[in-house]
Amino acid sequence: MNGADLLSNGQPVTLNVMLHARDSRAARQHQALECYRLPLISFSLVTPGAVKNSPVWQRVAEYARREIAAVCQQMEWVSVWEAHTDALSGPEWMAAVCAPAKALKRQLALLEQQHPLGRLWDIDVIDSDGRSLSRRELGLPARQCLICQQDAHVCARGRAHSLDLLLDEIARRIDSYERERSDGTAYAS
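Just so you know, these numbers come straight off a predicted model, no measurement behind them. Along each chain, residue indices are assigned from 1 in the same order as the chain's sequence is written. In view of the model being predicted, local features appear only for residues whose pLDDT reaches at least 70, and side-chain atom pairs are presented and counted only at 80 or more, with totals across whole chains, interfaces and linings using the full set of residues. Computation of side-chain values: all heavy atoms of the structure, hydrogens and water removed.

Trainee: Explain the overall build of the protein chain to me, and be specific about the residues and the numbers.
Mentor: By the criteria applied, helices consist of DSSP H or I runs no shorter than four residues and strands consist of E runs no shorter than two, each listed in order from the N terminus. Secondary structure summary: the protein chain contains six helices and four strands in total. For the protein chain, the succession of helices and strands along the chain, N to C, is α-α-β-α-β-β-α-β-α-α. For the radius of gyration, the atoms used are the C-alpha atoms, and the globule rule reads 2.2 Å times the number of residues raised to 0.38. Taking 189 residues into account, the globule formula puts the C-alpha radius of gyration at 16 Å, and the protein chain, at 16 Å, falls close to it. For each residue, the accessible area found with a 1.4 Å probe, counting protein chains only, is set against the maximum for its type, and the residue is called buried under 20%, exposed over 50%, and partly exposed in between. Out of the 189 residues in the protein chain, the part that is buried amounts to 41%. Across the protein chain, contacts joining residues at least 24 apart in sequence account for 70% of those joining residues at least 6 apart. Accessible surface for the protein chain amounts to roughly 10100 Å². Of this, 49% is attributable to carbon and sulfur atoms. By the convention used here, residues are in contact when the closest approach between their heavy atoms is within 4.5 Å. Surface accessibility in these figures is a Shrake-Rupley result with a 1.4 Å probe; residues are shielded only by whichever protein chains are displayed.

Trainee: Can you explain the packing of aromatic side chains? Please cite residues and give values.
Mentor: Any pair of Phe, Tyr and Trp rings, taking the six-membered ring for Trp, is counted once the centres come within 6.5 Å. Such a pair is stacked with planes under 30 degrees apart, edge-to-face with planes over 60 apart, and tilted for the rest. Here the structure, examined in full by the defined rule, presents two aromatic pairs. An angle of 65° between the planes, with centres 5.2 Å apart, marks the rings of Tyr63 and Tyr177 as edge-to-face. Placement of Tyr63 in helix 3 (residues 55-75) and of Tyr177 in helix 6 (residues 163-183) is noted, with a sequence separation of 114 residues between them. Given a relative accessible area of 9%, Tyr63 falls into the buried group.

Trainee: Lay out the pattern of salt bridges with the relevant residues and their values.
Mentor: A pair is scored as a salt bridge if a Lys or Arg side-chain nitrogen falls within 4 Å of a carboxyl oxygen belonging to Asp or Glu. Tallied over the entire structure, the rule returns 13 salt bridges. The shortest N-O distance in the salt bridge between Glu112 and Arg135 comes to 3.2 Å. With Glu112 in helix 4 (residues 101-114) and Arg135 in the loop between strand 4 (121-126) and helix 5 (152-158), this residue pair connects regions lying 23 residues apart in the sequence. The pair formed by Glu112 and Arg135 is uniform in burial state, with each residue classed as buried. Of the charged contacts, one joins Arg179 and Asp175 as a salt bridge, the two residues approaching to 2.2 Å between their closest N and O atoms. Remark: Asp175 and Arg179 occur in helix 6; sequence separation between them is four residues, near one turn of the helix. Assessed through its relative accessible area of 18%, Asp175 is described here as buried.

Trainee: Could you give me a rundown of the environment of Trp77, with the residues and numbers involved?
Mentor: Turning to its location among the elements, Trp77 is positioned in the loop between helix 3 and strand 2 (78-87). Judged by its relative accessible area of 11%, Trp77 falls in the buried class. On a C-alpha basis, the gap between Trp77 and Cys98 in space is 5.6 Å, while along the polypeptide they are 21 residues apart. Here Trp77 is in contact with Cys72, Val97, Cys98, Ala99, Pro100, Ala103, Leu104 and Gln107, once residues within four sequence places are set aside.

Trainee: Can you break down the layout of surface pockets residue by residue, with the values?
Mentor: It is a probe the size of a water molecule, rolled over the atoms, that shows where empty space is left. Here the second largest pocket defines a volume of roughly 240 Å³. For the lining of the second largest pocket, a count of residues per class yields six nonpolar, four polar and five charged. In this analysis the probe radius is 1.4 Å and the grid spacing 1 Å, with only protein atoms considered; a cavity is a set of points the probe fits into but cannot get out of, a pocket is an open set with protein on both sides within 12 Å along at least five of seven lines, and lining residues have an atom within 4 Å of a point. Grid points are joined across faces, edges and corners, and a volume is the space filled by probe spheres set on the points. Three classes are used: nonpolar for Ala, Val, Leu, Ile, Met, Phe, Trp, Tyr, Cys and Pro, charged for Asp, Glu, Lys and Arg, and polar for all others, with Gly counted as polar.

Trainee: Outline the pairing of strand 1 (residues 40-45), listing residues and values.
Mentor: Burial runs high along strand 1: six of the six residues are buried. Strand pairing requires that DSSP identify at least two bridges connecting the strands. Across six bridges, strand 1 lies against strand 4 in antiparallel orientation. For Ser42, the partnering residue across the bridge sits in strand 4 and is Asp124.

Quick look at the structure:
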């Protein structure tokens, strides 16, 4: 699979679609926090380029959901509510979880860091007061660029790497992970 494959099976989205998706996600988060008053996991994908949803991206999102559920099960944290959205803006998933928010963020940041596809996942944790927990406040390093070892935000802001290079790297990671899964050697949490 190359980067072009990620683009070939999806519909490009506009900035307005992405802004609407962000507003809708914030409304769902607010509603879940009001209803459950528990820490909230809010998951989306890191999807550079205009195509945010495709069969490939849906598989990557499902891998993440399974791994997040496995972490919660291992830590004996119970999800009392879950919601999945599959829009042009990309697959999203949320869950209200009976867990200490900081411990939840720490475990999920570790998952992002250690899983072969973790860099493609954006796993936010929002505490029961509605405050999004940052990696920095927990003393964790910033996320690294997909291409180099620099801070991902610095590379993204400066457009340090071409879209083709980013998509090729993403495709390489997905292909490698799926090959390992089919060989029975995939990451186990």
